[in-house]
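This is what each chain is made of:
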Amino acid sequence: MPSRSFIIPASDPFSFDECLWFLDRGFDECMHTILPGRVRKLIPLPGNPVLADLREHPAGIEAILLEGNDSPETETALRAYVEEWLAPQQDIRPFYAKLAKVPALAYMPGAFGGLRLIGIPDLFEALAWSIIGQQINLTFAYRLKRRMVERWGESYETGGEVYHIFPQPSVLAEADPAELRTMQFTGRKAEYITGVAQQFANGNISKSSLLALPGLEERRRALTDLRGIGIWSANYALMKSIRDATCIPHGDAGLLNALVSHQIISDKSDHPSMEKLYRRFKGWESYLVAYLWRSLAVKS
């Protein structure tokens, strides 16, 4: 039985089902477990991780603490994590107003109503995931992530199930790239991941130091200065972890396919049409990307 539960409010429109759909797209995910009507996750909080279930509630999300320290500090930290992860309190009505003005996209609020941009609160995880996924399909990328997480990440076992936390930079900084290569990481990816981990472990970069920079360009430059992090990876991490709403992972294959399928661009080199669309969504570019990605799949 859970020791305690509490409610995390959401701003309308919000769809927990759409969040679950994104989190359960049929890949071999090792960072959370989907159960009927809920998601279970070992959540890294300051001090000690907690195992929690999240499920729909009329007011938003009900968080059920299953294992871990039950204290007011835990509740505060868990609320903050969920808000960074699922963004239930973000008001997306201004974004929907912009969608309504573009005939090719006006169907989206009805089709994907309440979907939020699902984040990756841990900046190092977001960067490492962007490196893992370079030049390979998602199925293989998830397989590589699982191998790395099971080898170097913290885990917790209960009820015959094992739950994982993404490896800490200080741990991966000491990993032997040769061992990553035995897991089918390319030599460069192994070097990039351990190298970025070393930069985090040495304190040369962190989420707080990135947030302290004055603007987007300075933040992007700090990330692209890391070996293995290009413009796409930097924009992806800023979009998913820093939640900069103006970031666009330019050149993303899925994004380009969605733009073509909606007849917004004539071909994948039609940059003027892309820029024209992005200007119409100023301040909501990352949400536009998320909804275009969502349009590539039909919810089962």
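These figures come from a predicted structure and were not determined experimentally.

## Comments concerning the packing of aromatic side chains
On inspection of all chains with the given rule, the structure shows 16 aromatic pairs. When the ring of F95 is compared with that of Y291, the centres are 5.1 Å apart and the planes differ by 75°; the resulting orientation is edge-to-face. With F95 in helix α3 (residues 93-100) and Y291 in helix α15 (residues 285-294), the pair connects residues that are 196 residues apart, well separated along the chain. Taken together, F95, Y96, Y107, F112, F281, W284, Y287 and Y291 form an aromatic cluster joined through their ring pairs. Residue placement shows R25 over the ring face of F22; its charged tip is 4.1 Å from the ring centre. The aromatic ring of W85 is capped on one face by K41, whose charged end is 5.3 Å from the ring centroid.

## Concerning the sheet that holds strand β4 (residues 50-57)
Sheets are built from strands that pair by backbone hydrogen bonding, the pairs being arranged parallel or antiparallel. Taking strand neighbours across the sheet as the criterion, the 5 strands line up as β1-β5-β4-β3-β2 in an open arrangement whose pairing is antiparallel. Sheet topology places β1 (4-9) and β2 (33-35) at the edges, where each strand pairs with a single neighbour. Looking at each pair of strands side by side, their axes are set apart by 25° on average, direction ignored. In the sheet, β1 pairs with strand β5 (residues 60-67) via 6 bridges, with the strands oriented antiparallel. Following the sheet pairing, F6 is matched in β5 by A63. Sheet contacts for helix α1 (residues 16-23): β2, β3 (38-43), β4 and β5; angle to β3, the most-contacted strand, approximately 60°. Across the face of the sheet, helix α2 (residues 72-86) comes into contact with β1, β3, β4 and β5 while running at roughly 40° to β1.

## Some thoughts on the pairing of strand β7 (residues 161-164)
Where strand β6 (residues 155-158) lies against β7, 4 bridges are found, and the strand directions are antiparallel. Looking at the pairing, E157 lines up with V162 of β7. Connecting β6 to the next strand, β7, in antiparallel fashion are 2 residues, including G159 with a positive phi near 60°.

## Here's the deal with a positive patch on the surface
Judged by side-chain charge, K101, K276, R279 and R280 come together as a positively charged surface patch. Within the element layout of this structure, K101 appears in the loop between α3 and α4 (108-111).

## Remarks on the nonpolar core
F95, L105, L127, M148, L223, L259 and Y291 are the most contacted members of the largest nonpolar core, which has 71 residues in total. Those elements that place two or more of their residues in this core are α3, α5 (123-132), α6 (138-152), α9 (187-201), α12 (231-242), α13 (253-261), α14 (271-280) and α15. A total of 8 residues in this core trace back to one element, the largest contributor, which is α5. Contacts of Y291, omitting those with residues within four sequence positions, involve I92, F95, Y96, L99, M108, F112, G114 and L115. Grouped together as the second largest cluster of nonpolar side chains are 22 residues, F6, I8, L65 and Y81 included.

## Structural notes on the side chain of E285
With respect to the helices and strands, E285 occurs in helix α15. In this structure E285 is buried but unpaired, with K282 as the nearest side chain of opposite charge at 5.4 Å. With near-sequence residues (within four places) excluded, E285 lies in contact with A245, T246, C247, I248 and Y278.

Parameters at a glance
- Residues numbered from 1 in each chain as written.
- Predicted model: local features only at pLDDT ≥ 70, side-chain atom pairs only at ≥ 80, totals over all residues.
- Heavy atoms only, no water.
- Phe/Tyr/Trp six-rings, centres within 6.5 Å; stacked < 30°, edge-to-face > 60°.
- Helix = DSSP H or I, 4+ residues; strand = E, 2+ residues; numbered from the N terminus.
- Lys NZ or Arg CZ within 6 Å of the ring centre and 35° of its normal.
- Pairing = 2+ DSSP bridges.
- Axes fitted to C-alpha atoms, helices over the stretch in contact; angles between N-to-C directions.
- Contact = heavy atoms within 4.5 Å.
- Patch = residues over 30% accessible without salt bridge, like charges linked within 9 Å, V, L, I, M, F, W, Y side chains within 5 Å.
- Areas by Shrake-Rupley, 256 points an atom, 1.4 Å probe, with all protein chains shown as cover.
- Salt bridge = Lys/Arg side-chain N within 4 Å of Asp/Glu carboxyl O.
- Lys, Arg positive; Asp, Glu negative; His and termini not counted.
- Charge placed at Lys NZ, Arg CZ, Asp CG, Glu CD.
- Core = buried A, V, L, I, M, F, W, Y, C linked by side-chain atoms within 4.5 Å.
- Buried < 20%, exposed > 50% of the residue type's maximum accessible area, 1.4 Å probe, protein only.

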